[in-house]
Amino acid sequence: MTIRNPDKSLAEFRRSIDAIDEKILALINRRLKIAKQIGAVKMRKGARVIDPERESTLIERLMVRNQGPLSKENLYHIFRAIITISRDIQSPQLSDCLGPGATAVYAVIGDPVAHSLSPVMHNRAFAHTGYNGVYIALRVSDIAAAVNGFRALGFRGVSVTIPHKVAVMACLDEVDPIARDIGAVNTIVNRERRLVGYNSDYLGAVKALAAAIDIRGKTVVIIGAGGAARAIGFGVIRCGGKVVILNRSPEKGEQLAAALKADFRPLAEVREIAGQVLVNTTPLGMFPHAEQMPLEKSLLRPDLVVMDIIYNPLTTRLLSEAERVGCRTINGLAMFVYQGAVQFELWTGEKAPLDVMQAAVERALQRV
């Protein structure tokens, strides 16, 4: 039997990969040329270039057809990047992309942010009310530079998510007193080029919790010490509840507990949940890492009310395990929609179409 030269075999493999890479490059450029033509047609017709629902449908279709070994997570990131580049090439200038100058531009910023359904929710609300606005997702690592860019470009409003809710405060011209007390901002409103920070998280969380349990007199155990934990803790205390902070990092957890005048316990040392309500504010369990959960399932007990602010997936592993134990559970959809409605009203001055916003998010989640 003749054994082929392994070096020659490796060289052949590399030549095959090089040839495939060239085909991929040609196909991507072909796709971008077509996307640019589509953008030109849309601008001539006065239609919006950005179509979040079509983008979600496209990725869903490809996930169904994917035969592997490309993972679902990697497929999502690859095509999300291609879609983002297609958006850019369709709109070499933001004003050209969005049509006449009257169109108001909004965004959600975070890192990561590709999973966010805020664009689906807010764009649907804009369309339903006839408001001339568009809402996009932007991955941001340098928060100070991003805020300066929003001011210069005239963005009308911004949603702020992980990990920027605290750091963004120092970049703003003004912070609402309640947001200042909470110590976190998740909403920015541009008032004649003065960027003002607000917090809608606490209202969304309180409304979601209050629909399931009377908060007054209850002990609410919050996992996490970021901006969402601050907001929820503030809201619980305002409603007459008691807060206990659990966090992996003692330093951050103790700082938040001190700011809220609450108790703190290191998550690694917790042997039981000493409260009636448990709320997860960490990203553990968020798509595409849906297998994760923020604490051991052995800590759950049937009399707990368990809330997870993650809404993608709608039933996280934490909520799934809690339901198995017999806990009453609250998913992140209610908080997400309630806080989004507050944002919509701050930005537009119009009443938010709450049912329409919830239906848009539910429909999008069914496609994920």
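Tell me about the sheet that holds strand S12 (residues 328-330), and please be specific about residues and values.
Reading across the sheet, the six strands line up as S9-S8-S7-S10-S11-S12 and stay open at both edges, with parallel pairing between neighbours. Each of the sheet's edge strands pairs with one partner strand only, and the pair in question is strand S9 (263-266) and S12. Direction aside, neighbouring strands of the sheet carry axes that sit 20 degrees apart on average. Here strand S7 (residues 219-223) pairs with strand S10 (residues 277-280) via four bridges, running parallel. By the bridge assignment, Val-221 is partnered in S10 with Leu-278. Lying on the sheet, helix H11 (residues 317-325) is in contact with S10, strand S11 (305-308) and S12; it crosses S11 at an angle near 165 degrees.

Provide a residue-level description of the sheet that holds strand S1 (residues 104-110), including the pertinent values.
Taken in spatial order, the six strands make up an open sheet running S2-S1-S3-S5-S6-S4, and their pairing is mixed. Looking at the sheet topology across the chains shown, the edges are occupied by strand S2 (133-139) and strand S4 (174-175). The strands touched by helix H5 (residues 118-129) are S1 and S2; relative to S2, the strand with the most contacts, the crossing angle is about 170 degrees.

Please provide a residue-by-residue account of the pattern of salt bridges, values included.
Pairing is possible between side chains that carry opposite charge, provided their charged atoms lie close to one another. As enumerated under the stated definition, the model contains eight salt bridges in all. Residue Glu-174 pairs with Arg-194 through a salt bridge whose shortest N-O separation is 3.7 Å. Here Glu-174 is found in strand S4, whereas its partner Arg-194 is found in strand S6 (residues 194-198), with 20 residues between them in sequence. Accessibility expressed as a relative area gives 40% for Arg-194, which makes it partly exposed. One connected set of salt bridges, linked through shared partners, spans Arg-317, Glu-321 and Arg-324.

I'd like a rundown of the pairing of S11, residues and numbers included.
Strand residues, when the strand is regular, have side chains that alternate between the two faces of the sheet. Residues of S11 alternate between two faces, with Val-305 and Met-307 on one and Val-306 and Asp-308 on the opposite face, all of them buried. Here S10 pairs with S11 via four bridges, running parallel. Bridging across to S11, Leu-278 finds its partner in Val-306. Relative to S12, S11 runs parallel, the two sharing three bridges. Directly across from Val-305, in S12, lies its bridge partner Arg-328. In this fold, S11 hands off to H11, which returns the chain to S12; that crossover is right-handed.

Describe the confidence of the model for the chain, naming the residues involved and giving the relevant values.
Averaged over all residues, the pLDDT of the chain is 88; the fraction at 70 or higher stands at 90%. For the chain, per-element mean pLDDT is lowest for helix H4 (residues 94-97), which scores 44, and highest for strand S3 (residues 157-160), which scores 98. In the predicted structure, residues 92-101 sits below a pLDDT of 50 and forms nine contacts with residues beyond four places in sequence or in another chain.

How each quantity is defined
- Residues numbered from 1 in each chain as written.
- Predicted model: local features only at pLDDT ≥ 70, side-chain atom pairs only at ≥ 80, totals over all residues.
- Heavy atoms only, no water.
- Pairing = 2+ DSSP bridges.
- Helix = DSSP H or I, 4+ residues; strand = E, 2+ residues; numbered from the N terminus.
- Axes fitted to C-alpha atoms, helices over the stretch in contact; angles between N-to-C directions.
- Contact = heavy atoms within 4.5 Å.
- Salt bridge = Lys/Arg side-chain N within 4 Å of Asp/Glu carboxyl O.
- Buried < 20%, exposed > 50% of the residue type's maximum accessible area, 1.4 Å probe, protein only.
- Right-handed = clockwise from strand over helix to strand, strands pointing away.
- pLDDT = per-residue confidence, 0-100.

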